[in-house]
Amino acid sequence: MDDISILFAIAAGMLSFLSPCIFPLLPAYVANLTGSHVAGDKLMVSKKTLMMRSFLFILGFTLVFMMMGASASMIGQSFAANRGIIEKVSGLLIIIFGLQTVGLLNIRFLMFQKKWETNGPINSWHSFVVGLAFGTGWTPCVGLALSSILLLAGSTETMSSGIFLLMFYSLGLGVPFLLISLLLTRSLGVIKKVNKLLPRLSLLNGWILIVMGLLLFTGQLQKLSAWLAAIAPPIL
């Protein structure tokens, strides 16, 4: 697994977190996970409860994403003899996903949504189950970025590379979730401020996908990774 793929995965995860599908709803997510309520323009919950349940939530969707990465890598390995074709097809699909994200395409099939509703008492393991549900419930704007990373995982040479690639995507999504959740215990103002930037961040996400797709399609991704490896120590 090369450094540039890891950077793309982390960036895709962070921008997925900052998508209109997730970020504006963050107070509701956290309130559901912790059983907290809003008072005085902030979430009323103990930091211990917030940290524990947020961690279990992140662990839940991380496990799902890593299993997806393993599956994508297995499929890619089964067609190892045609890896060049797989990279071109994957690159083309990622470009299409990027064009959809920036609004230059409007393919309704790509705007599908699947939900897994969870019920039951609010406790620590409920947070883990909600994380599993989040991982399997694709939303339109998160699904395109996640699908792109899965396609990138499918072009890797080993199953472990695909798994780690989705782990880094999950970190890019989970770490900001945890940090912003902690800020919400101080003030909800951060949500209002970042909401103004979401359209621009969505465009940035789309263009990152387009660039990643072009690099994969043209075979330049490996060359760029080799160049970065020559001037900087490897990330993993």
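Above this text sits the structure in question.
Residues numbered from 1 in each chain as written. Predicted model: local features only at pLDDT ≥ 70, side-chain atom pairs only at ≥ 80, totals over all residues. Heavy atoms only, no water.

1. Quick notes on the environment of Ala39
Mapped onto the elements, Ala39 comes out in strand β1 (residues 37-39). Taking the C-alpha atoms as reference points, Ala39 and Thr185, 146 residues apart in sequence, are found 9.9 Å from one another. (Helix = DSSP H or I, 4+ residues; strand = E, 2+ residues; numbered from the N terminus.)

2. Notes on the packing of helix α3 (residues 47-78) against helix α5 (residues 124-136)
The axes of two packed helices give the description: the angle between them and the distance between them. Two elements in contact, α3 and α5, have axes separated by 7 Å at closest approach and are oriented at 35°. With respect to the hand of their crossing, α3 and α5 are arranged in right-handed fashion. Of the residues in α5, those in contact with Met52, Arg53, Leu56, Phe57, Leu59, Gly60, Phe61, Leu63, Val64, Phe65 and Met68 of α3 are Ser124, Trp125, Ser127, Phe128, Val130, Gly131, Leu132, Phe134, Gly135 and Thr136. Per-class residue counts for the contact of α3 with α5 are 14 nonpolar, six polar and one charged. (Axes fitted to C-alpha atoms, helices over the stretch in contact; angles between N-to-C directions. Left-handed = near helix turned anticlockwise from the far one by under 90°. Contact = heavy atoms within 4.5 Å. Nonpolar A, V, L, I, M, F, W, Y, C, P; charged D, E, K, R; others polar.)

3. Some remarks on the packing of helix α2 (residues 26-34) against α3
Viewed as axis vectors pointing N to C, α2 and α3 meet at an angle of 105°, and their least axial separation amounts to 9 Å. For the element pair α2 / α3, the angle class is roughly perpendicular. Judged by residue contacts, Val30, Leu33 and Thr34 of α2 engage Thr49, Leu50, Arg53 and Phe57 from α3. In terms of residue class, the contact of α2 with α3 is built from four nonpolar, two polar and one charged. (Parallel < 35°, antiparallel > 145°, perpendicular 65-115°, else oblique.)

4. So, the nonpolar core
Counting 52 residues, the largest nonpolar core has Phe65, Leu166, Tyr169 and Leu184 as its most contacted members. Not counting chain neighbours up to four residues away, the residues in contact with Leu166 comprise Phe65, Met66, Gly69, Leu146, Ile149, Leu150 and Ala153. (Core = buried A, V, L, I, M, F, W, Y, C linked by side-chain atoms within 4.5 Å. Buried < 20%, exposed > 50% of the residue type's maximum accessible area, 1.4 Å probe, protein only.)

5. Describing the environment of Gly189
Relative to the assigned elements, Gly189 resides in helix α8 (residues 189-195). For Gly189, a relative accessible area of 18% translates into the label buried. For the pair Gly189 and Asp41, spaced 148 residues apart in the sequence, the C-alpha separation amounts to 7.8 Å.

6. Comments concerning the packing of aromatic side chains
Under the counting rule described, the total for this entry stands at seven aromatic pairs. When the ring of Phe57 is compared with that of Phe134, the centres are 5.6 Å apart and the planes differ by 55°; the resulting orientation is tilted. Linking Phe57 in helix α3 with Phe134 in helix α5, this pair joins segments that are 77 residues apart in sequence. By relative accessible area, which is 15% here, Phe134 ends up buried. Judged by centre distance (5.6 Å) and plane angle (45°), the rings of Phe61 and Phe65 are tilted. Here Phe65 and Phe61 lie together in helix α3, a separation of four residues that amounts to about one turn. As far as the burial class goes, Phe61 and Phe65 line up, both buried. Aromatic ring contacts, followed pair by pair, group Phe57, Phe61, Phe65, Phe134, Tyr169 and Phe177 into a single cluster. Directly above the aromatic system of Phe217 lies the positively charged group of Lys88, at a separation of 4.9 Å from the ring centroid. (Phe/Tyr/Trp six-rings, centres within 6.5 Å; stacked < 30°, edge-to-face > 60°. Lys NZ or Arg CZ within 6 Å of the ring centre and 35° of its normal.)

7. Section: a nonpolar patch on the surface
Taken together, the side chains of Phe55, Leu59, Leu63 and Met67 make up a nonpolar region of the molecular surface, amounting to roughly 380 Å² of accessible area. Judged by its relative accessible area of 54%, Met67 falls in the exposed class. (Patch = residues over 30% accessible without salt bridge, like charges linked within 9 Å, V, L, I, M, F, W, Y side chains within 5 Å. Areas by Shrake-Rupley, 256 points an atom, 1.4 Å probe, with all protein chains shown as cover. Salt bridge = Lys/Arg side-chain N within 4 Å of Asp/Glu carboxyl O.)

It is worth stressing that arrangement in space is one thing and function is another; only the former is reported here.
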